[in-house]
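Residue strings, one per chain:
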Amino acid sequence: MRMAKGREDRGASGGARPGMPPSSGILDAAFHAAYKATPHGETRLDRSRRRAQLKIVRSAAVTVRHLELRRRTLTKPPLTDFERELIANRFGRDSLERADRRVFRAVSRIRGLSAEEQRILRKASGTEQFAESVRRFYGRLASFVREVDPDLRRLEEIARFRKSRPRLDPALPVIAVAGFPNVGKSSLVARLSPAKPKVAPYPFTTLALEVGHADLGFDRLQVLDTPGVLDRGRAANPSEVEAETAVGSAATAILFVIDPTGTCGYPLADQEALLERWKAEFPSVPILEVETKADLRSDRSPRMQVSATTGAGIEELRTAIETMLAQRRARTPLPPIEETVVEGEYRSPP
Ligand SMILES: Nc1nc2c(ncn2[C@@H]2O[C@H](COP(=O)(O)OP(=O)(O)OP(=O)(O)O)[C@@H](O)[C@H]2O)c(=O)[nH]1
Ligand SMILES: [Mg+2]
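Source: prediction; values computed, not measured.

J.: Hey, could you go over the overall build of the protein for me, with residue numbers and the actual values?
T.: Across its full length, the protein carries 11 helices and 6 strands. In the protein, which comprises 350 residues, the share counted as buried stands at 34%. Taking contacts inside the protein between residues at least 6 apart in sequence as the whole, the part at least 24 apart equals 68%.

Here is the structure:
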């Protein structure tokens, strides 16, 4: 077992280099801490036994600390139900829980192994036995940690994904701006909030959720820009799945954006079909239907019409959103106070 000397930069990542398996950084840090053990003792034999004990205790402690740190990135702050749903839909149901369970099991096994080897060391009587104990422990420790490499990678991946998605405040309403690709959703989000999402004349410009905050009368509102959805069931790409998750799990209301001009590249009938499906699938979520790109057409429509380009109809749209949220608030009984604030449950975004 090689032990790295003199490398001090072993932070939370366990000194991992890009491309290396997570276990190699963790084990590197663990063996380095063990190497630095300087024992006290009356006799040479005492010191030798103590050195072996310290190597085992320290390498176990450092490994456990690193493994626990990886698990903690997903519990601090605690995952919201919406984040859980997003993760389940992106990485597979139970995939986070499975990885976490396996790393937790590795931690328990390492703790057990360390205690067992300490017992053996107490009874051992010669330097050869001490060295054998340490060798055996290092070998098992390394194999336990390597075994969970895929799980550590998965936890890292999920933590990165979580960090890159907006953290929604559960106390504030969320309006999900959704619909087919290229219809002008992001352009509307930019009109309704200070957010500056990317706008471009092709589908799938928005690939991930983004949030902007807006003040509407008494309401502070989270305006959620979502990727376009083509309504093709199982063939949906991860961005479409993300948009549907937001619509189904995060939205207080949906602002369904329709482009009737055809400039988005998708027929009106397909957009209407998606709208009908969502109405059926999410019957408790109010849907506000809006036709956009009004500057490109002159015909009338029973739906509200707006233009993100000229700003026409935007004030009316704000009022409609405000009215819808006020109606919803009037219908929703306030939860008991002790359920509304859970200490440490949520930290506002900076
Ligand atoms: N003329 C006109 N063009 C608009 C309007 N709103 C958006 N567009 C244009 O439509 C194209 C798509 O706009 P986006 O806001 O990126 O559309 P999106 O729905 O967010 O697109 P995806 O993120 O790809 O799903 C861009 O070229 C916009 O400039 C509008 O009201 N009038
Ligand atoms: Mg967009």
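After that view of the structure, there is still more to cover.
J.: Explain the site of ligand 1 residue by residue, including any values.
T.: Within the structure, ligand 1 sits among 23 residues, and Gly184, Ser186, Pro201, Thr206 and Gly228 are positioned closest to it. In the shell around ligand 1, the residues fall into 10 nonpolar, 10 polar and 3 charged.

J.: Before we move on, could you go through the sheet that holds strand β1 (residues 174–179) and cite the residues and values that matter?
T.: Strand order in the open sheet formed by 6 strands is β2-β3-β1-β4-β5-β6, with mixed pairing between adjacent strands. In this open sheet, the two edge strands, each paired with only one partner strand, are β2 (210–216) and β6 (304–305). When β1 meets strand β3 (residues 219–225), the two strands line up parallel, connected through 4 bridges. Note that in β3 the partner of Val174 across the bridge is Gln222. Of the strands in this sheet, β1, β3 and β4 (253–258) touch helix α8 (residues 238–249), which is tilted by about 140° from β1.

J.: Which residues make up the packing of helix α2 (residues 44–72) against helix α5 (residues 127–147), and what values do they have?
T.: For the pair α2 and α5, interaxial distance at closest approach is 9 Å and the crossing angle is 10°. On the basis of the axis angle, α2 is roughly parallel to α5. In this structure, α2 uses Ser48, Arg49, Ala52, Lys55, Ile56, Ser59, Ala60 and Thr63 to contact α5, whose residues at the interface are Thr127, Phe130, Ser133, Val134, Phe137, Tyr138, Leu141 and Val145. Here the contact of α2 with α5 is built from residues that sort into 9 nonpolar, 5 polar and 2 charged.

J.: Go over the packing of helix α4 (residues 95–123) against α5, please, and point to the residues and values.
T.: At a minimum axis distance of 10 Å, the contact between α4 and α5 shows a crossing angle of 175°. Between α4 and α5, the interaxial angle falls into the category roughly antiparallel. Contact residues: Ala106, Arg109, Ile110, Leu113, Glu117, Ile120 and Leu121 in α4; Phe130, Ser133, Phe137, Arg140, Leu141, Phe144, Val145 and Glu147 in α5. Across the contact of α4 with α5, the residue classes break down as 10 nonpolar, 1 polar and 4 charged.

J.: Mind laying out the nonpolar core, listing which residues take part and the relevant values?
T.: Ranked by size, the top nonpolar core spans 66 residues in total, and within it Ile175, Ala176, Val177 and Leu224 carry the most contacts. With 7 residues, helix α1 (residues 22–35) is the largest single contributor of residues to this core. Two domains share this core, each providing at least three of its residues, namely domain 1 (22–164) and domain 2 (174–335). Beyond its immediate chain neighbours, meaning those up to four positions away, Ala176 contacts Leu224, Thr226, Ala246, Val247, Ala250, Ala251, Ile254 and Leu255.

J.: Lay out helix α10 (residues 314–331) in plain terms, naming residues and giving numbers.
T.: With 18 residues, α10 extends 26 Å from end C-alpha to end C-alpha; this agrees with the ideal 26 Å at 1.5 Å per step. By the burial criterion, the buried members of α10 are Leu317, Ile321 and Leu325. Down the axis of α10, the buried set is contained in an arc of 70°. They therefore lie on one face. Counted as exposed and oriented over 90 degrees from the buried face of α10: Glu315, Thr319, Gln327, Ala330 and Arg331.

J.: Describe the environment of Arg153, listing the residues and the values that go with them.
T.: You can see Arg153 is positioned in helix α6 (residues 149–164). By C-beta crowding, Arg153 is classed as partly exposed, having 15 other C-beta atoms within 10 Å. In sequence terms Arg153 and Pro22 are 131 residues apart; their C-alpha atoms lie 6.9 Å from each other.

J.: Got a sec to walk through the environment of Ala251? Specific residues and values, please.
T.: Tracing the chain through its elements places Ala251 in the loop between α8 and β4. Those residues in contact with Ala251 that sit more than four places away from it in its chain are Val174, Ile175, Ala176, Ala246 and Val285.

J.: So what's going on with unusual backbone geometry? Which residues, and what values?
T.: Glycine aside, negative phi is the norm for most residues, and most peptide bonds take the trans geometry. Of note, the amide linkage connecting Lys76 to Pro77 takes the cis form, showing an omega dihedral of -10°. Within the element layout of this structure, Pro77 appears in the loop between α2 and α3 (81–91). A positive phi angle, near 70°, is found at Asp94, a position not held by glycine. Relative to the elements of secondary structure, Asp94 occurs in the loop between α3 and α4.

J.: Go over the environment of Arg154, please, and point to the residues and values.
T.: Considering the arrangement of structural elements, one finds Arg154 in helix α6. For Arg154, a count of 20 C-beta atoms within 10 Å translates into the label buried. Setting aside chain neighbours within four positions, we find Arg154 in contact with Ser95 and Ala99.

J.: Give a detailed account of the confidence of the model for the protein, specifying residues and quantitative values.
T.: Across the protein, pLDDT averages 88, with 89% of residues at or above 70. For the stretch residues 1–15, pLDDT sits under 50, and the model shows 23 contacts to residues farther than four places along the chain or on other chains.

J.: Account for the pairing of β1, with residues named and values stated.
T.: With 6 of 6 residues buried, β1 lies mostly within the body of the structure. Residues of β1 alternate between two faces, with Val174, Ala176 and Ala178 on one and Ile175, Val177 and Gly179 on the opposite face, all of them buried. Pairing of β1 with β4, which is carried by 5 bridges, proceeds in the parallel orientation. Of the residues in β4, the one forming a bridge with Ala176 is Ile254.

Calculation criteria
Residues numbered from 1 in each chain as written. Chains lettered and ligands numbered in written order. Predicted model: local features only at pLDDT ≥ 70, side-chain atom pairs only at ≥ 80, totals over all residues. Helix = DSSP H or I, 4+ residues; strand = E, 2+ residues; numbered from the N terminus. Buried ≥ 20, exposed ≤ 12 C-beta atoms within 10 Å, placed from the backbone. Contact = placed C-beta atoms within 7 Å. Near = placed C-beta within 6 Å. Nonpolar A, V, L, I, M, F, W, Y, C, P; charged D, E, K, R; others polar. Pairing = 2+ DSSP bridges. Axes fitted to C-alpha atoms, helices over the stretch in contact; angles between N-to-C directions. Parallel < 35°, antiparallel > 145°, perpendicular 65-115°, else oblique. Core = buried A, V, L, I, M, F, W, Y, C linked by C-beta atoms within 7 Å. Domains from an automatic or database assignment. Expected span 1.5 Å × (residues − 1). Arc of directions from axis to C-beta. pLDDT = per-residue confidence, 0-100.

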